[in-house]
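The primary structure of each chain is shown beneath.
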Amino acid sequence: MSLLEVRDLAKHFTVGARGFLGRGGAVLRAVDGVSFELERGRALGLVGESGCGKSTAARTIVGLHRATAGSVRLGGVELTGLSRREWQAHRGRLQMIFQDPYASLDPRQTVASILTEPLAIHRRGKPRERRLRALALLDAVGLNPRHINRYPHEFSGGQRQRIGIARALALEPEVLVCDEPVSALDVSIQAQIVNLLAELRERFQLAYLFIAHDLAVVRHVCEEVAVMYLGRIVERAPRDELFERPRHPYTQALLSAVPLPDPAAERARRRIVLEGDVPSPLHPPPGCAFEPRCPARARPGRPLRARRRRSSRARRGARGLPRRARSAPWGLRVNPERRATYARPRGASSRGLPHVRMRARSSPHLRES
Amino acid sequence: MALLDVRDLTVRFDTHHGTVRAVDHVSFTLEAGETLGLVGESGSGKSVTNLALLGLLPQPPAVVEAGEVWFEGRDLLKLAPAELRALRGDALSMIFQDPMTSLNPLLTLERQLSEVLETHRGVTRRAARAKCAAALGDVGIPEPERRLDQYPHELSGGMRQRVMIAMALLCDPQVLIADEPTTALDVTIQAQILELMKDLQRRHGTAIVLITHDLGVVAGMSDRVNVMYAGRIVESAAADDLFARPAHPYTEGLLASVPRLGGDAAAALRSIPGTPPDLASLPPGCAFAPRCPARVDACLAGVPLLVELRDAAARRPHHAACVAAAERLAARSPA
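Residues numbered from 1 in each chain as written. Chains lettered and ligands numbered in written order. Predicted model: local features only at pLDDT ≥ 70, side-chain atom pairs only at ≥ 80, totals over all residues. Heavy atoms only, no water.

K.L.:
Help me understand the overall build of chain B, please; the structure alone is not making it clear to me.
P.N.:
Across its full length, chain B carries 13 helices and twelve strands. Seen through its C-alpha atoms, chain B measures out along the principal axes to roughly 65 × 45 × 40 Å. For chain B, the proportion of its 335 residues judged to be buried stands at 53%. Pairs at least 24 apart in sequence give 64% of the contacts found in chain B among residues at least 6 apart. Surface exposure of chain B reaches about 14,200 Å², of which carbon and sulfur atoms provide 53%. Counting 33 positive and 40 negative side-chain charges, chain B places the centres of these two groups 1 Å from one another. (Helix = DSSP H or I, 4+ residues; strand = E, 2+ residues; numbered from the N terminus. Buried < 20%, exposed > 50% of the residue type's maximum accessible area, 1.4 Å probe, protein only. Contact = heavy atoms within 4.5 Å. Areas by Shrake-Rupley, 256 points an atom, 1.4 Å probe, with all protein chains shown as cover. Lys, Arg positive; Asp, Glu negative; His and termini not counted. Charge placed at Lys NZ, Arg CZ, Asp CG, Glu CD.)

Quick look at the structure:
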C-alpha cells in the first residue's frame, strides 16, 4: 500500500449562468481522471503549463476543493467525501506549501504566531512547548530563531518561503504538497530553496507532490515525473527515463522548449515549436486533447494500422495499471466507425470522448512503482 | 558608431526609507541589428534603466541624476516630452512583460493598432486597417481581419503578446526594447514568441534590448550580455564568452544556481548564499562582497569599476567590475 494513492481523481467546475435547479452552466473539467501513487520519502513531480489542472489537482488532494469523482487515500484512509471535522484529524499528515510567499502569510501575524497556530488548532503541546517547537522549526529551515517575533514584511521573498515551509512542517506531515514553491523567487534564491527541500526530505522522510511548470527544477527535486495536459496525466515515468527518453509528443515538445543557459547548445538544438494554444478545458477537442497541436498525429487518410501497433506495444509494456484508461493513447486517431468498440467508463460524461477500454494509459513507459 | 549609446546613466528614487540609487553609472551601447541581453534579479535596475532611456519613469519619485542617451545624434534625456513621444513607438519601440495590462481592454485591436499609424504616420484609420491586418498576419495571428474587431480579452496570453509585438513593429523601429517579453507565458508559447522575435529581427534588422531574468532565454537570443547587480553592470561580454568564461563571481554564481536539464540531477544546486542587498543601505565597496565566495580585503575598499579584461579567446571586449576578475578569467582561459 502506498502512502498516498490517488485514483481517477476528477474536479469539475460549473461556470457561467445557471438556470432552473442550477442546470445550464458549462462544465469545466479542470482535473479529469488523474491517478498516481506516492511512497514515503519519495518525490513525484507534476508538471504542465498553465491551465493543465496541476494546481487544481493539488488543491483537491489536500481537501481545499471537493473532488467531483475519484479517490484520495492517505495511508489507506479515504479522504474524499470526509466532512470538515473528519478532515481535521488527517490534515496534519498532509500539508501544503504555496507559490506566493507574499500572499500566503498573514501580514498581521508574527512568525511565532504563524508557526504556533497549527499546533494550537490541533491541540499539540502547551503554549511554551509550541514556542520551543516554533524556534526549532525556524532553525530547521535555515532562519535565525531570534527573528521569531518579526512580521512577514521584515523578510525577503526567499525567507518568507522558508517561513511557509516551516509552517507546513509544524504538524510533522508525511506528505508535503508543494504548489510552485520556487517559481516566484529569483534564480539564486530558488537554488537555496530547492536545496532546503532536498535536505528536509532526507531529514524528515517526507514525501513530496511537487507541482511546477519548470522542468529543470522538477528534475532536481523528483525521482518520478508526471506530465499533465488539459486535466489528465499524459506521461509518467522515472526521472531519467522521462528526461532522456520522453515518449509522449507533448513531453518531447515541452522539453525541447525549455531554454538552455548555454548559447552553443541553444544554437545546436532542434526545437519542436508547437502551433497554437492549449485548448479551452470548457471545449476540449474530441479524442486526444493534444491532437490539434500534435506534430506526430495520425492524419486522416493515413492507415490506422501502424498506429495501432504502437498502442498494443504500450499495452504490453504497462502491467498493473489502472484497469480503465480514460484517454486514447497518443497518436491513435480514433476511427469514428470503431467508436462503438470503445466503452465509456461508468459515470463518464456524454462528452463523446472516445474512452478506450484497455490496460495501457497514455504513457507506454508508465511503471508501477 | 553605435545606434544607441547610453553613458553613465544614474537614476535615484527618493523614498520614505531614504535615497535609493536604482541605476548607478550604467553605460552600454547597442549596435544596429544586434540583440543585447540585460540580465539580473529583481531590483537589479534592469527595467528602470530602460524606462529611463525611454523617458517613461514617473518623475518624481524618480530623478535622473546624470547620464546621456545618444540616439541619431540627439540626447534622449534632453528632449522635450513631445519630441520623445514622436520617437517612442516609431524609431524606438517597446514590449512589456504583461500583455494583459499593456493593452487597453476597452478598445478593439484595430483601434489600438491604427492609433500608432495615425500618430506617427498621419495615416487615416481606413487606410491603416489594411496595414494593421498585415502586421497581425506577420506575427502569425490567423485570420487577422477578423481579429482586428476583437477585444484583448478574446485572445489568449500568447496571442496578446503577438499583438504587442505587431504593434511595436508597425513603424519599423530601429530599436526594440523588450522587457521580460515571455516571462508571463508558458514554455511552449515562449518558444513560439522567441522564434517570432528572431525571425522578425532577421527580416527587419531591428536592434533588440532584451531584459530578462531567465539565463536560458538570454543564451538563445543574445549576441552580447550585460549582467546587472544592485544597479550596476557587473559584467559585459559576448554571450558565448559570458556563459563559457564568466569573470565576475556573481555571474558565475548565477550560472551555477540555474537548474539544468543535463548533468547530475541528484547533486545539490550551487546557490549564492544570502540575499541581494537593500539598495537604500548598500554595503561599502563592492555590493556583491557580502555574498561573494572570492572576497578579499580590496573588495571593501571601493566600488570596483567596469574594466576591460584581457581575454584572448573573446569575440568582443569582455568587461567586468571585480578586483579579481582578471585573475579569475586567466585561470579559466586555455593557456
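Moving on from the coordinates now.
K.L.:
Can you walk me through the packing of helix H4 (residues 109–121) of chain B against helix H5 (residues 125–138) of chain B in this structure?
P.N.:
For any two helices packed against each other, one specifies the crossing angle of their axes together with the interaxial distance. Residues and elements named next belong to chain B. Relative orientation of the contacting elements H4 and H5 amounts to 110°, with a least axis distance of 9 Å. One element, H4, and the other, H5, form an angle in the roughly perpendicular class. Relative to H5, the crossing made by H4 is right-handed. Packed against H4, whose contacting residues are Glu 110, Arg 111, Leu 113, Ser 114, Leu 117 and Glu 118, the element H5 presents Arg 125, Ala 128, Arg 129, Lys 131, Cys 132 and Leu 136 at the interface. Broken down by class, the residue content of the contact of H4 with H5 amounts to five nonpolar, one polar and six charged. (Axes fitted to C-alpha atoms, helices over the stretch in contact; angles between N-to-C directions. Parallel < 35°, antiparallel > 145°, perpendicular 65-115°, else oblique. Left-handed = near helix turned anticlockwise from the far one by under 90°. Nonpolar A, V, L, I, M, F, W, Y, C, P; charged D, E, K, R; others polar.)

K.L.:
Explain the interface of chain A and chain B to me, please; I cannot follow it from the model alone.
P.N.:
At the junction of the two partners, chain A supplies 38 residues and chain B supplies 43 residues. Sorting the residues of chain A by area buried against chain B places Val 187, His 220 and Pro 261 of chain A first, and these three jointly supply 19% of that buried surface. Where chain A packs against chain B, one counts one salt bridge. In this structure, Asp 240 of chain B and Arg 267 of chain A form a salt bridge, with 2.7 Å as the shortest nitrogen-oxygen distance. Seen at the junction of chain A and chain B, the total is 13 residue pairs in polar contact (both at pLDDT 80 or more). When contributions to the side of chain A that touches chain B are tallied by element, the ones reaching two or more residues are helix H6 (187–204), helix H7 (215–221), helix H8 (239–244), helix H9 (249–257) and helix H10 (263–268) of chain A. Of the residues forming the side of chain A that touches chain B, the biggest block, eight residues, is contributed by H6 of chain A. (Buried area = accessible area lost by both parts, 1.4 Å probe. Salt bridge = Lys/Arg side-chain N within 4 Å of Asp/Glu carboxyl O. Polar contact = N/O pair within 3.5 Å; in protein donor to acceptor, adjacent residues only side chain to side chain.)

K.L.:
Please clarify how unusual backbone geometry should be interpreted in this entry.
P.N.:
With the exception of glycine, most residues fall at negative phi, and the peptide bonds are largely trans. All names here are of chain B. With an omega dihedral of -10°, the bond running from Gln 59 to Pro 60 counts as a cis peptide bond. In this model, Pro 60 is joined to Pro 61 through a cis peptide bond whose omega is 10°. For Pro 61, the location among the structural elements is in the loop between helix H1 (46–53) and strand S4 (62–71).

K.L.:
Looking at this structure, how should I read the nonpolar core?
P.N.:
Note that soluble globular proteins tend to have their nonpolar side chains buried in a common cluster. One finds Ile 165, Tyr 208 and Phe 210 of chain A to be the most contacted residues of the largest nonpolar core, which totals 65 residues. Here the element with the most residues in this core is H6 of chain A; it accounts for seven residues. Residues contacting Phe 210 of chain A, with those up to four places away along its chain left out, are Leu 44, Gly 45, Leu 46, Cys 178, Pro 181, Leu 197, Val 217, Val 218, Val 221 and Cys 222 of chain A. In terms of nonpolar packing, the next biggest core, distinct from the first, is built from 62 residues, Leu 3, Val 11, Ala 52 and Ile 233 of chain B among them. (Core = buried A, V, L, I, M, F, W, Y, C linked by side-chain atoms within 4.5 Å.)

K.L.:
Can you walk me through the sheet that holds strand S12 (residues 318–320) of chain B in this structure?
P.N.:
Across a sheet, strands are paired by hydrogen bonds formed along the backbone, either parallel or antiparallel in direction. Residue and element names in this part refer to chain B. Across the sheet, eight strands lie side by side as S6-S7-S8-S3-S9-S10-S12-S11; this open sheet has mixed pairing. With partners counted over all chains shown, the strands left at the sheet margins are strand S6 (92–95) and strand S11 (307–309), one partner each. The average undirected angle you get between the axes of adjacent strands in this sheet is 20°. As judged from the two bridges shared by strand S10 (residues 232–238) and S12, these two strands associate in the antiparallel manner. Across the sheet, the residue bridging to Ser 236 is His 319, located in S12. (Pairing = 2+ DSSP bridges.)

K.L.:
Got a minute to help me understand the side chain of Asp 179 of chain A in this structure?
P.N.:
Residues and elements named next belong to chain A. Residue placement: Asp 179 occurs in strand S7 (residues 175–179). Despite its burial, Asp 179 pairs with no opposite charge, the nearest such side chain being Arg 59 at 5.2 Å. Beyond its immediate chain neighbours, meaning those up to four positions away, Asp 179 contacts Ser 55, Met 96, Ile 97, Phe 98, Gln 99 and Ile 211.

K.L.:
Even after reading the chapter, I still don't get the packing of aromatic side chains, so can you show me in this structure?
P.N.:
By convention here, two paired aromatic rings are described through the distance between centres and the angle between planes. Residues and elements named next belong to chain A. Throughout the structure, instances matching the rule amount to six aromatic pairs over all chains. Seen in terms of ring centroids, Tyr 229 and Tyr 250 are 4.5 Å apart; in terms of plane orientation they differ by 55°. Their pairing is tilted. Pair noted here: Tyr 229 is in strand S9 (residues 224–229) and Tyr 250 is in helix H9, with a separation of 21 residues, a long-range link. For Tyr 229, a relative accessible area of 2% translates into the label buried. For Tyr 250, a relative accessible area of 0% puts it in the buried group. With 5.2 Å between their ring centres and 85° between their planes, Tyr 229 and Phe 290 make a pair best called edge-to-face. With Tyr 229 in strand S9 and Phe 290 in the loop between H10 and helix H11 (305–316), this residue pair connects regions lying 61 residues apart in the sequence. Overall, the relative accessible area of 1% leaves Phe 290 in the buried class. It is Lys 11 that lies over the ring of Phe 13; its NZ or CZ is 5.0 Å from the centre. (Phe/Tyr/Trp six-rings, centres within 6.5 Å; stacked < 30°, edge-to-face > 60°. Lys NZ or Arg CZ within 6 Å of the ring centre and 35° of its normal.)

K.L.:
Help me understand helix H4 (residues 127–140) of chain A in this model?
P.N.:
Note on helix geometry: an α-helix contains 3.6 residues per turn, so any two residues three or four positions apart are oriented the same way. Residues and elements named next belong to chain A. Look at H4: 20 Å from first C-alpha to last across 14 residues, which is about the 20 Å you get at 1.5 Å a residue. Listed as buried for H4 are Arg 130, Ala 134, Leu 137, Leu 138 and Ala 140. Across the axial projection of H4, the buried residues extend over an arc of 155°, all falling on one side. What points out from H4, more than 90 degrees from its buried face, is the exposed set Arg 128 and Asp 139. Where H4 is buried, its residues touch helix H3 (111–121), helix H5 (157–169) and H6. Positioned one or two residues after H4, Gly 142 has a phi angle of 80°, which is positive. (Expected span 1.5 Å × (residues − 1). Arc of directions from axis to C-beta.)

K.L.:
How should the pairing of strand S6 (residues 94–97) of chain A be read in this particular structure?
P.N.:
Here is the key point about a regular strand: its side chains alternate between the two faces of the sheet. All names here are of chain A. In S6, alternate side chains face the same way, and those of Leu 94 and Met 96 on one face and Gln 95 and Ile 97 on the other are all buried. With four bridges connecting them, S6 and S7 associate as parallel partners. Within the sheet, the bridge partner assigned to Met 96 lies in S7 and is Val 177.

K.L.:
Looking at this structure, how should I read the sheet that holds S4 of chain B?
P.N.:
Residue and element names in this part refer to chain B. Pairing is antiparallel across the open sheet formed by four strands, whose spatial order is S2-S1-S4-S5. A single partner strand is all that each edge strand has here, and the edge strands are strand S2 (18–30) and strand S5 (74–75). Note: strand S1 (residues 4–15) against S4, eight bridges, orientation antiparallel. Bridge pairing in S4 places Val 6 opposite Val 69. On the sheet, H1 packs against S1, S2 and S4 and is oriented at approximately 110° with respect to S1.

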